[in-house]
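Chain by chain, the residues:
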Amino acid sequence: MRQDGKCEQQQAHKSATPSAVSTDGSLPTANLFRRRVTVALGLSPLLPSAAMAASHTHTTPAKSAAHSLQSNTHSSQLHSPAVLRNAAPPPPLVMLDPGHGGKDPGAIGYSGTYEKHVAEAAAEELRRQLLASGRYRVALTRASDRFIPLEGRVEMAQAHKASLFISMHADALHDSSVRGASVYTLSGAASDSQTASLAQTENSADSFGGPHVHATSPAVQQILASLVTEETRRGSAHLANEVVSSFQSRISLLSHPHRHAAFVVLKAADIPSVLVEMGFMSNHADEVALRQAGHRAMVAGAMRDAVDRYFSTFHV
């Protein structure tokens, strides 16, 4: 009886102390439990800090939940973008308009020089000098040999919200002895017969555009000229005077070099605009000078100085 009881106790002790591997090769239940505990303890550093704190402090579940909500709200809070106060406005934009282009050659000089090529080269030089000053943005109505209607040139200046519009030319006159630079602003009536003839020639440039481009009639030109604001007129006159002043010590000028007529390309109502004749291709001396890069650089330098003075002294 005692032996049977002792055997039962030994059998019970053996069943309570399992071997390392069971008969079917699987981990025994006790070892599996120990492994789960070990894994859980090994992962404890990755548990949320709020849960760990709750196990070691007397914080109530409600306070713990409030703390977690506050932390999440703080981490996801959006901040308003910084506002730059008193930021400087962008530099003024100067629109340069090389006259003619494409199938419209403009005036042709004694030696076969095309006005469109001279105008483009001079405008590119002025663009370079204006940009080098760091004071302006500059755009060109054309940077290649292509035809642009007069209305299209004005529309470009308006689309760019230009502060100034400068059209650059070297036209021809019937009198080949006339030479020198001149500057023109918009007016319903021409200041003299020579300027009236020049404006008529310039306004006929659209005829190169074919039947889909219609030149503006003289009557409509006068109406358009009357729509230009007084402030724009004052700005145009001020810029013209500055160009004449800059040219005087460097470049030959016509007598009474500031003139006016109904030039279609100058009709932007809200942009001070001038047309600069850098010389005349009909005059041999002017043509020779305008073919030289050094002379064009001098013309551009004088015009750059005029633009500088315009912005430093004229306020609309």
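Rules of the game
- Residues numbered from 1 in each chain as written.
- Predicted model: local features only at pLDDT ≥ 70, side-chain atom pairs only at ≥ 80, totals over all residues.
- Heavy atoms only, no water.
- Buried < 20%, exposed > 50% of the residue type's maximum accessible area, 1.4 Å probe, protein only.
- Helix = DSSP H or I, 4+ residues; strand = E, 2+ residues; numbered from the N terminus.
- Pairing = 2+ DSSP bridges.
- Right-handed = clockwise from strand over helix to strand, strands pointing away.
- Phe/Tyr/Trp six-rings, centres within 6.5 Å; stacked < 30°, edge-to-face > 60°.

Draft legend 1. Local environment of the pairing of strand 1 (residues 93–98). Extensive coverage of strand 1 is indicated by the burial of 6 of its 6 residues. Both faces of strand 1 are covered, namely the face carrying Leu93, Met95 and Asp97 and the face carrying Val94, Leu96 and Pro98. Note that strand 1 and strand 2 (residues 137–140) share 4 bridges and pair parallel. Looking at the pairing, leucine 93 lines up with arginine 137 of strand 2. As for the winding sense of the linkage, the β-α-β connection from strand 1 through helix 5 (residues 115–133) to strand 2 is right-handed. Direction of pairing for strand 1 relative to strand 3 (residues 164–169): parallel, over a ladder of 5 bridges. By the bridge assignment for strand 3, methionine 95 is matched with phenylalanine 165.

Draft legend 2. Structural detail: the packing of aromatic side chains. In this structure the tally under the stated criterion is 4 aromatic pairs. Measuring from centroid to centroid gives 5.5 Å for tyrosine 136 and phenylalanine 311, while their planes differ by 40 degrees, and the two rings are tilted. One end of the pair, tyrosine 136, is in the loop between helix 5 and strand 2; the other, phenylalanine 311, is in helix 11 (residues 293–313), and 175 residues separate them in sequence. Owing to a relative accessible area of 5%, tyrosine 136 belongs among the buried residues under this scheme. On the basis of relative accessibility, which here comes to 22%, the residue phenylalanine 311 falls in the partly exposed class.

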